[in-house]
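Reading the structure
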Amino acid sequence: MKAKTVYLGIKGSVVAVEAGTGRQLWARQLKGVDLVNVMLDGDRLYAATHGEVFCLDPRSGAIRWHNPLKGWGWGMISIAVEGSRANSGLTLAAERRRRNAEASSAAVNATG
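In short, a report on the structure. (Residues numbered from 1 in each chain as written. Predicted model: local features only at pLDDT ≥ 70, side-chain atom pairs only at ≥ 80, totals over all residues. Heavy atoms only, no water.)

Backbone-to-backbone hydrogen bonds pair the strands of a sheet. The strands run either parallel or antiparallel. Ordered in space as S4-S5-S6-S7, the 4 strands form an open sheet in which the pairing is antiparallel. Taken across any chain shown, the strands that pair with only one partner, and hence form the sheet edges, are strand S4 (37–41) and strand S7 (63–67). With direction set aside, neighbouring strand axes in the sheet form an average angle of 15°. Looking at chain direction, S4 and strand S5 (residues 44–49) are connected through 5 bridges and run antiparallel. Looking across to S5, one finds that Asp41 is bridged to Arg44. (Pairing = 2+ DSSP bridges. Helix = DSSP H or I, 4+ residues; strand = E, 2+ residues; numbered from the N terminus. Axes fitted to C-alpha atoms, helices over the stretch in contact; angles between N-to-C directions.)

Structural data, given as structure tokens:
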């Protein structure tokens, strides 16, 4: 089984690390020094920062394309891809809370 990769958006960069070890696989400087919003959709890693959006190769960090979104300013960008599973940190956190609640309920029922 292939080791999972974690993609971090930090200080205008995207950093890929091995989930099991934390070993850095690659890093790609994009723009500015702000938070980078990232979303993985199959073989495309979308990253938005400094009012711009990038599509990266998740295996290498190479930039496939870039759109400066001229005229839209420098605000925070959220990302959604038609037909893909939700992959935001908020969605993942909500799913984790749901699973933890189910596990707690099952443990209570098993001991009661």
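Moving on, we come to the pattern of salt bridges. All chains considered together, the criterion is met by 5 salt bridges. With a shortest N-O distance of 3.6 Å, Arg44 and Asp43 are connected by a salt bridge. According to the relative accessible area criterion, Asp43 is partly exposed, its value standing at 36%. With a shortest N-O distance of 3.9 Å, Asp57 and Arg59 are connected by a salt bridge. What makes Asp57 buried here is its relative accessible area of 16%. What emerges from the salt-bridge pattern is a single network uniting Asp57, Arg59 and Arg64. (Salt bridge = Lys/Arg side-chain N within 4 Å of Asp/Glu carboxyl O. Buried < 20%, exposed > 50% of the residue type's maximum accessible area, 1.4 Å probe, protein only.)

Here Ser13 shows up in strand S2 (residues 13–18). Among the polar contacts made by the side chain of Ser13, one reaches the side chain of Gln29 at a distance of 2.7 Å. If we skip the residues at most four places from it in the chain, Ser13 touches Leu8, Arg28, Gln29, Leu30 and Val36. (Polar contact = N/O pair within 3.5 Å; in protein donor to acceptor, adjacent residues only side chain to side chain. Contact = heavy atoms within 4.5 Å.)

Our focus in this paragraph is the pairing of S5. Here S5 lies mainly inside the structure; 5 of its 6 residues are buried. Joining the antiparallel neighbours S4 and S5 is a turn of 2 residues, in which Gly42 adopts a positive phi near 65°. Relative to strand S6 (residues 52–56), S5 runs antiparallel, the two being bridged by 5 bridges. Paired with Ala48 across the two strands is Val53, which belongs to S6. Between S5 and S6, which pair antiparallel and follow one another directly, the connecting turn spans 2 residues, one of which, His50, has a positive phi of 55°.

Turning our attention to the pairing of S2. Extensive coverage of S2 is indicated by the burial of 6 of its 6 residues. The alternating pattern of S2 places Ser13, Val15 and Val17 on one face and Val14, Ala16 and Glu18 on the opposite face, and all of these are buried. Sheet analysis places strand S1 (residues 5–10) next to S2, joined by 6 bridges and oriented antiparallel. Bridge pairing in S2 links Val6 to Val17. Count of turn residues in the S1/S2 antiparallel hairpin: 2 residues, of which Lys11 carries a positive phi of about 45°.

Everything listed here is a matter of geometry and, on its own, says nothing about what the molecule does.
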